[in-house]
Amino acid sequence: MEREGMAELAPLVAMNAVHKESATMPGGSLQVKGYDFNKGIDYHALLQSYLTTGYQATNFGQAVEQINAMIEKKLEPLEESEKNAINLNPCQRKRTGCTIFLGYTSNLISSGIRETIRYLVQHNMVDCVVTTAGGIEEDFIKCLAPTFLGDFSLKGKELRANGINRIGNLLVPNNNYCKFEDWLMPILDQMLLEQKEQGVNWTPSKMIARLGKEIDNPESVYYWAYKNNIPVFSPALTDGSIGDMIYFHSYKNPGLVLDIVEDIRGVNNQAVYAKQTGMIILGGGVVKHHIANANLMRNGADYSVYVNTGQEFDGSDSGAKPDEAVSWGKIRMDAKPVKICADATLVFPLLVAETFAPKLSAFASRSKMI
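Residues numbered from 1 in each chain as written. Predicted model: local features only at pLDDT ≥ 70, side-chain atom pairs only at ≥ 80, totals over all residues. Heavy atoms only, no water.

I'd like a description of the overall build of the protein chain, backed by residues and values.
Looking only at helices and strands, the protein chain features 17 helices and nine strands. By principal-axis analysis of the C-alpha atoms, the protein chain measures approximately 110 × 65 × 45 Å. The buried share of the protein chain, taken over its 370 residues, is 46%. Partitioning the intrachain contacts of the protein chain with sequence separation of at least 6 by distance along the chain shows that 75% fall at a separation of at least 24. When the accessible surface of the protein chain is summed, it comes to about 20000 Å², and 54% of that surface belongs to carbon and sulfur atoms. For the protein chain, the distance from the average site of its 36 positive side-chain charges to the average site of its 41 negative ones is 5 Å. (Helix = DSSP H or I, 4+ residues; strand = E, 2+ residues; numbered from the N terminus. Buried < 20%, exposed > 50% of the residue type's maximum accessible area, 1.4 Å probe, protein only. Contact = heavy atoms within 4.5 Å. Areas by Shrake-Rupley, 256 points an atom, 1.4 Å probe, with all protein chains shown as cover. Lys, Arg positive; Asp, Glu negative; His and termini not counted. Charge placed at Lys NZ, Arg CZ, Asp CG, Glu CD.)

Any chance you could break down the nonpolar core for me, citing the residues and the numbers?
Core analysis: the largest hydrophobic core is formed by 67 residues, its most contacted members being Tyr 104, Tyr 222, Phe 348, Leu 351 and Phe 356. The dominant element in this core, judged by the number of residues it contributes, is helix 9 (residues 174-198), at nine residues. Those residues in contact with Phe 348 that sit more than four places away from it in its chain are Leu 102, Ile 113, Thr 116, Ile 117, Leu 120, Ile 280 and Leu 282. Judged by nonpolar contacts, the second largest core, of 18 residues, contains Ala 271, Ala 294, Val 326 and Ile 331. (Core = buried A, V, L, I, M, F, W, Y, C linked by side-chain atoms within 4.5 Å.)

Got a sec to walk through the pairing of strand 5 (residues 170-173)? Specific residues and values, please.
Across the two faces of strand 5 the burial is the same, with Leu 170 and Val 172 and Leu 171 and Pro 173 all buried. Inspection of the sheet shows strand 4 (residues 164-167) paired to strand 5 by four bridges, in the antiparallel sense. For Ile 164, the partnering residue across the bridge sits in strand 5 and is Pro 173. Between strand 4 and strand 5, which follow one another and run antiparallel, lie two residues, and Gly 168 among them has a positive phi close to 65°. (Pairing = 2+ DSSP bridges.)

Tell me about the environment of Val 121, and please be specific about residues and values.
With respect to the element layout, Val 121 can be found in helix 6 (residues 113-122). Once you skip the residues sitting within four places of it in the chain, Val 121 turns out to touch Val 126, Val 129, Val 221, Trp 224, Ala 225, Asn 228 and Ile 230.

Now, about the sheet that holds strand 3 (residues 148-149): what can you tell me, with residues and values included?
Spatially, 3-5-4 is the arrangement adopted by the three strands of the open sheet, whose pairing is antiparallel. Only two strands of the sheet have a single partner each, and these edge strands are strand 3 and strand 4. Most of the contacts of helix 9 go to strand 5, to which it runs at about 50°, and overall it touches strand 4 and strand 5. (Axes fitted to C-alpha atoms, helices over the stretch in contact; angles between N-to-C directions.)

Any chance you could break down the sheet that holds strand 7 (residues 277-282) for me, citing the residues and the numbers?
Strand pairing in a sheet is mediated by backbone hydrogen bonds. Such pairs are either parallel or antiparallel. On the basis of which strands lie adjacent, the open sheet formed by six strands has the order 6-2-1-7-8-9 and parallel pairing. Each having just a single partner strand, strand 6 (232-233) and strand 9 (338-341) make up the two edges of the open sheet. Across six bridges, strand 1 (residues 99-104) lies against strand 7 in parallel orientation. Looking at strand 7, one finds that Leu 102 is bridged to Ile 280. Sheet strands in contact with helix 3 (residues 55-75) are strand 1, strand 7, strand 8 (303-308) and strand 9, and its direction is about 135° off that of strand 9.

Give a description of the pattern of salt bridges that names residues and reports values.
In total, this model carries eleven salt bridges according to the counting rule given. Between Asp 302 and Arg 332 there is a salt bridge, and its shortest N-O distance comes to 3.6 Å. Taken together, the residues span a long stretch of sequence, with Asp 302 in the loop between helix 14 (285-296) and strand 8 and Arg 332 in the loop between helix 15 (322-328) and strand 9 at a distance of 30 residues. We classify Arg 332 as partly exposed; its relative accessible area is 25%. Here the salt bridges share partners, and the residues they tie into one network are Lys 74, Arg 93 and Asp 127. (Salt bridge = Lys/Arg side-chain N within 4 Å of Asp/Glu carboxyl O.)

Please give an account of unusual backbone geometry that cites residues and values.
Its identity is not glycine, yet Gln 92 carries a phi of approximately 60°, on the positive side. Mapping Gln 92 onto the fold places it in the loop between helix 4 (80-83) and strand 1.

If you had to explain the packing of aromatic side chains to someone new, which residues and values would you point to?
Taken as a whole, this structure holds nine aromatic pairs when the rule is applied. Their ring planes at 70° and their centres at 5.3 Å tell us that Tyr 50 and Phe 60 sit as a pair that is edge-to-face. Of the two residues, Tyr 50 is situated in the loop between helix 2 (43-48) and helix 3 and Phe 60 in helix 3; the sequence distance between them amounts to ten residues. Ring geometry for Phe 140 against Tyr 222: centres 5.7 Å apart, planes inclined by 50°, an arrangement best described as tilted. Here Phe 140, found in helix 7 (residues 133-144), pairs with Tyr 222, found in helix 11 (residues 221-227); they are 82 residues apart in sequence, far enough to count as distant. According to the relative accessible area criterion, Tyr 222 is buried, its value standing at 1%. Ring pairing ties together the aromatic residues Phe 140, Phe 180, Trp 183 and Tyr 222, which thus form one cluster. (Phe/Tyr/Trp six-rings, centres within 6.5 Å; stacked < 30°, edge-to-face > 60°.)

Which residues make up the packing of helix 6 against helix 16 (residues 344-354), and what are the values?
Close contact between helix 6 and helix 16 brings their axes to 10 Å; oriented N to C, the two are set at 30°. It follows that helix 6 is roughly parallel to helix 16 by the angle criterion. Two packed elements cross with a definite hand, and for helix 6 against helix 16 that hand is left-handed. Contacts between helix 6 and helix 16 pair Ile 113, Thr 116, Ile 117, Tyr 119 and Leu 120 from the former with Ala 344, Thr 345, Phe 348, Pro 349 and Val 352 from the latter. Looking at the contact of helix 6 with helix 16 residue by residue, the class counts come to eight nonpolar, two polar and no charged. (Parallel < 35°, antiparallel > 145°, perpendicular 65-115°, else oblique. Left-handed = near helix turned anticlockwise from the far one by under 90°. Nonpolar A, V, L, I, M, F, W, Y, C, P; charged D, E, K, R; others polar.)

Here it is in structure tokens:
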């Protein structure tokens, strides 16, 4: 009867669990804070606030820091001894403080990200490009005929009956590829003639440069790559419409050879003879590994940013986090690599807006100096 008027004490184990004392946070820890729209609409400040927003927004902010670090190193003046050293770059590009590798999958050239990539190549902001066959041909095809917006839910059976190809929610009329064939075949004939008469040793990168010259269109990524002597490597160049055309050409006018051995030396030596390197890789697959493996040859890249939606649970290289590349020596142990788990069409233009684009004048001044 005496217990009825007494308050019970909470179980000690629950009290200790709930009232667990915190350790002191490490010095310099950032506080979570997002953008305050009461300050008006300032897109630069909004994107800067991502660093302290959390989740993938924070990864975005860290990626901005990584890319800006590689750009700062790239624009840093070389020592006189470095300027006068023998240039061992296989493409004879001028040495800088950081060689920037840019890799992307074909779907991004099919999309409007093509214009962002073209901007970087046009203004000589990157040093080496790696992409897939589709990442090459879709650029040239867009110079010949447009790609259209569609919908992810459009039925393949109906599209096929109408000669329309779907890339996600983009639509490419099959006639576009016919126009590409009409444009490409005479160039393949000429390449074969030069191989026979002049002994030209064609490689995928040499072929891409030649196509960039032939398209002669400033809307093209590879027109600017040719103009600026930026090597473009595509180790799986036959895995697309270009491969289809090479296949048909091998019956019509056989004998054309593409040397992939010279190209593997070319891409690897881009890394070997670099002072420092940075990797910006959009998507996965062959482009991700080809760039990372080239950087293995110098014991890892100094700066790295991945943008993809791949996950690591299946053991794929496409989904692997940067730390897995550290274990292989493809990223340096003291580097601070970042992976943004996001669709590159959402993220990459914003990354460029916060990194390369504000430094256009600095890149232009550097180009005049060299």
